[in-house]
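# Coordinate inspection notes
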There are 2 protein chains.
Amino acid sequence: MADLARLSINQATTQAQYGLAEAIAAYSNADVAGISIWRDKLAECGLDKAVRMLADRGLRVSGLCRGGMFPGADAAARQANIDDNLLAIDEAVALGAACVVLVCGGIPEGSKDLAGTREMIRDGLGAILPHARAAGVPLAIEPLHPMYAADRCSINTLGQALDLCDQLDGCHGADLGVAVDVYHLWWDPDLQAQIERAGERVLAFHVCDWLVPTTDLLLDRGMMGDGVINIRQIRDWVDATGYDGLIEVEIFSAQNWWKRPGDEVINTCRKRFLETV
Amino acid sequence: MADLARLSINQATTQAQYGLAEAIAAYSNADVAGISIWRDKLAECGLDKAVRMLADRGLRVSGLCRGGMFPGADAAARQANIDDNLLAIDEAVALGAACVVLVCGGIPEGSKDLAGTREMIRDGLGAILPHARAAGVPLAIEPLHPMYAADRCSINTLGQALDLCDQLDGCHGADLGVAVDVYHLWWDPDLQAQIERAGERVLAFHVCDWLVPTTDLLLDRGMMGDGVINIRQIRDWVDATGYDGLIEVEIFSAQNWWKRPGDEVINTCRKRFLETV
């Protein structure tokens, strides 16, 4: 059963309502245990101020969003992407984040080379992994739903993400692991087996719901309980791996939750977390 | 390389422009070799008239859309779905269709039981397969993109469809097979291996393109060449199975192709078929 001591809210859930400082204050006032931070919001707030506020409020950081986006049209573009990931790793150290969440990137503009895109992702991961190891921050590959394969992330199943982990991090425990997000993975007939395979590589667990109908590919995620995902079943599979970190609510909802008062969103997250996660 | 003698157009591609009689006339006037027929359009036209027109025009039928939709809230609903599939098989016989295309159906309203939905699909397939065998019409399971797992089809990868074929039709050649649609499957890292595995179970091959951005989950498919799918590569994999049937263009496009004159759509299909398929 869900325990509020494990509730984290990804600040994208209240991205329209709050900057980072406001989100830290609002979440901790509501006794939420953790936050996942977006780098654009972090830049607006300032790293030092964020670190101070997190310490003052005792709020844990379930992840830094996001690294990744490795593919690029040429070597210079790919190196710039790598450099940005190295910076994200340093920010994650300062924040004490449990992991850097990697949205690995899609097919470069003008290309139809999906296999080549996946090679760029593998190479980018390989290039940043040593710095992450040295910094002591694990990297969490987040497989994204196949509807994002073209433009956001060409890693689209948990099995594919774990193949990359095995290839790049075979001997190193879980310096490289995965973020399991029910929204992206719930449909996969192989999900239970792949979560079991993941074991200690589960570095993050994200929840929301799949609405019927879904009216937008990006910004129509549902609050837990409002859709068709059997979240508790997936939670049971994740629990069986031994994962005992924060469980993160991440809802992109332009027409619904982003239009409501922030405290209503937070309170609904708390309530639904207890009821459905 | 593409050969216009293998071009079929799924009438959904011109669903806003033509009824079935008009589509048969327009396609055959443009020297298109085949058509895939939708049952709602067939009912409007009348089966006898359609059969006569197809014979007069020498147009082949690459598939009848659609059977499937097996899940239901109770046994009576599921039996009604089975009965409707039996009727579709009889219609396919009359039309001389190469296969009945099965869109297997999604999770019944109010349920979150994805595994149970998949069992209903398996049981529904098992219930109609004897009639299809007796009638001599193969059944083509069409795995649909995972974004349709909730509401249209909970069979979402080619591997999953082939597992069903093995389970239900292990000894029977390809009475039960698959429709390979690039739109639904292009993202799958296991696609090449699964097409090879499919072999003679490939009963249909559908093409269109994945647009970036895609603005609607259902009705924003692209014309071949306008998106990111390497269609010719997938075509090569399908060719290697020995499949030499019709290749079907199927484009749902409410904001673009459905708004253009039917002859422009058909001529563009012909041109792009030669250039990209």
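Residues numbered from 1 in each chain as written. Chains lettered and ligands numbered in written order. Predicted model: local features only at pLDDT ≥ 70, side-chain atom pairs only at ≥ 80, totals over all residues.

Next up on the list: the overall build of chain A. From N to C terminus, chain A includes ten helices and eight strands. Compactness check: chain A gives a C-alpha radius of gyration of 18 Å against a globular reference of 19 Å for 277 residues, within 12% of the reference. Reported as C-alpha extents along the three principal axes, the dimensions of chain A are approximately 45 × 45 × 35 Å. Contacts in chain A between residues at least 24 apart in sequence constitute 79% of all its contacts with a sequence separation of at least 6. (Helix = DSSP H or I, 4+ residues; strand = E, 2+ residues; numbered from the N terminus. Rg over C-alpha atoms; globule rule 2.2 N^0.38 Å. Contact = placed C-beta atoms within 7 Å.)

Under the fitted operation, chain B is carried onto chain A by 0.0 Å of movement along the axis and a turn of 180 degrees, and the coordinates agree to an RMSD of 0.0 Å. Each copy turns onto its partner about a two-fold axis. Here 100% of the contact residues of chain B are again contact residues in chain A; the copies associate through an equivalent surface. (Least-squares fit on C-alpha atoms with pLDDT ≥ 70 in both.)

Moving on, we come to the pairing of strand S1 (residues 7–10) of chain B. Residues and elements named next belong to chain B. Both faces of S1 are covered, namely the face carrying Leu7 and Ile9 and the face carrying Ser8 and Asn10. Relative to strand S2 (residues 34–38), S1 runs parallel, the two sharing three bridges. In the strand pairing of S2, Ile9 is matched with Ile35. Read from S1 through helix H1 (residues 20–29) to S2, the crossover connection turns out right-handed. (Buried ≥ 20, exposed ≤ 12 C-beta atoms within 10 Å, placed from the backbone. Pairing = 2+ DSSP bridges. Right-handed = clockwise from strand over helix to strand, strands pointing away.)

Turning our attention to the sheet that holds strand S4 (residues 100–103) of chain A. Residue and element names in this part refer to chain A. Ordered in space as S1-S2-S3-S4-S5-S6-S7-S8, the eight strands form a closed barrel in which the pairing is parallel. When the angles between neighbouring strand axes are averaged without regard to direction, this sheet yields 30 degrees. By the bridge criterion, three bridges tie strand S5 (residues 139–141) to strand S6 (residues 176–181) in an arrangement that is parallel. Bridged to Leu139 within S6 is Leu176. Contacts from helix H6 (residues 158–169) reach S5 and S6 within the one sheet, and its direction differs from that of S6 by about 170 degrees. (Axes fitted to C-alpha atoms, helices over the stretch in contact; angles between N-to-C directions.)

This paragraph deals with the nonpolar core. The biggest cluster of nonpolar side chains holds 183 residues, and the ones touching the most others in it are A:Val100, A:Ala140, A:Val178, B:Val100, B:Ala140 and B:Val178. Every residue in contact with B:Val178, bar those within four places of it in the chain, is listed here: B:Ala140, B:Ile141, B:Pro143, B:Leu158, B:Ala161, B:Leu162, B:Cys165, B:Ala198, B:Arg201, B:Val202 and B:Leu203. (Core = buried A, V, L, I, M, F, W, Y, C linked by C-beta atoms within 7 Å.)

Let's shift gears to the sheet that holds strand S4 (residues 100–103) of chain B. Within a sheet, adjacent strands bond to each other through the backbone by hydrogen bonds, running parallel or antiparallel. Residue and element names in this part refer to chain B. Read around the closed barrel, the eight strands follow the order S1-S2-S3-S4-S5-S6-S7-S8; overall the barrel is parallel. Geometrically, the sheet is characterised by an average inter-axis angle of 30 degrees between neighbouring strands, direction not taken into account. Across the sheet, helix H4 (residues 75–95) touches S2, strand S3 (60–68) and S4, and the angle it forms with S3 is around 175 degrees. Its contacts with the sheet put helix H10 (residues 262–276) on S1 and strand S8 (247–249), and the angle it makes with S1 is roughly 135 degrees.

A word on the interface of chain B and chain A. Facing the 21 residues of chain B at the interface are 21 residues of chain A. Residue composition of the side of chain B that touches chain A, by class: 14 nonpolar, five polar and two charged. (Nonpolar A, V, L, I, M, F, W, Y, C, P; charged D, E, K, R; others polar.)

Across residues other than glycine, the phi torsion is negative in most instances, and most of the peptide bonds are trans. Residue and element names in this part refer to chain A. With an omega dihedral of -5 degrees, the bond running from Val212 to Pro213 counts as a cis peptide bond. Following the sequence through the fold, Pro213 ends up in the loop between strand S7 (202–207) and helix H9 (231–239). In this structure, Asp31 is a non-glycine residue whose phi angle is positive, near 60 degrees. On the secondary structure map, Asp31 appears in the loop between helix H1 (20–29) and strand S2 (34–38). For Asp31, a count of 11 C-beta atoms within 10 Å corresponds to the exposed category. Residue Met69 is not a glycine yet carries a positive backbone phi of 50 degrees.

Bringing the packing of helix H5 (residues 114–135) of chain B against helix H6 (residues 158–169) of chain B into the picture now. Residues and elements named next belong to chain B. Where H5 contacts H6, the two axes come as close as 11 Å, and the packing angle between them is 45 degrees. Taken together, the axis directions place H5 and H6 in an arrangement best described as oblique. The chirality of how H5 crosses H6 is right-handed. Here Arg122, Leu125, Gly126 and Leu129 of H5 come into contact with H6, specifically with Leu164, Gln167, Leu168 and Asp169. Taken together, the residues of the contact of H5 with H6 sort by class into four nonpolar, two polar and two charged. (Parallel < 35°, antiparallel > 145°, perpendicular 65-115°, else oblique. Left-handed = near helix turned anticlockwise from the far one by under 90°.)

Attention now moves to the pairing of strand S7 (residues 202–207) of chain B. Residues and elements named next belong to chain B. Here S7 lies mainly inside the structure; six of its six residues are buried. In the sheet, S7 pairs with S8 via three bridges, with the strands oriented parallel. Following the sheet pairing, His206 is matched in S8 by Glu248. Each parallel crossover has a hand, and for S7 linked through helix H9 (residues 231–240) to S8 it is right-handed.

Glancing now at the confidence of the model for chain A. Taken over all residues, the pLDDT of chain A has a mean of 97, while the share at 70 or more is 99%. Confidence metrics for the complex model read pTM 0.97 and ipTM 0.96. (pLDDT = per-residue confidence, 0-100.)

In this fold, A:Asp166 is placed in helix H6. For the pair formed by A:Asp166 and A:Leu176, sequence separation is ten residues and the distance between their alpha carbons is 8.9 Å.

With that settled, the discussion passes to H10(B). All names here are of chain B. Compared with an ideal rise of 1.5 Å per residue, which puts 15 residues at 21 Å, H10 spans 21 Å between its outermost C-alpha atoms and is within 8% of the ideal. Residues of H10 that are buried: Val265, Ile266, Cys269, Arg272, Phe273 and Thr276. Along H10, the residues classed as buried sweep out an arc of 135 degrees about the axis, all on the same side. When the buried face of H10 is taken as reference, the exposed residues oriented beyond 90 degrees from it are Glu264, Asn267 and Glu275. For H10, the elements touching its buried residues are S1, H1, H9 and S8. (Expected span 1.5 Å × (residues − 1). Arc of directions from axis to C-beta.)

We now examine the packing of H1(A) against helix H3 (residues 47–57) of chain A. Residue and element names in this part refer to chain A. Here H1 crosses H3 at 5 degrees, and the two axes come no closer than 10 Å. In terms of axis orientation, H1 runs roughly parallel to H3. In this structure, H1 uses Leu20, Ala21, Ile24 and Ser28 to contact H3, whose residues at the interface are Lys49, Ala50, Met53, Leu54 and Arg57. The class makeup of the residues in the contact of H1 with H3 is six nonpolar, one polar and two charged.

Let us now look at the environment of B:Glu248. Residues and elements named next belong to chain B. With respect to the secondary-structure elements, Glu248 resides in strand S8. Judged by C-beta crowding, with 27 C-beta atoms within 10 Å, Glu248 ranks as buried. Sequence separation of Glu248 and Ser36 is 212 residues, and the distance between their C-alpha atoms is 7.5 Å. Setting aside anything within four residues of it in sequence, one finds Glu248 in contact with Ser8, Asn10, Ser36, Ser62, Gly63, Ala204, Phe205 and His206.

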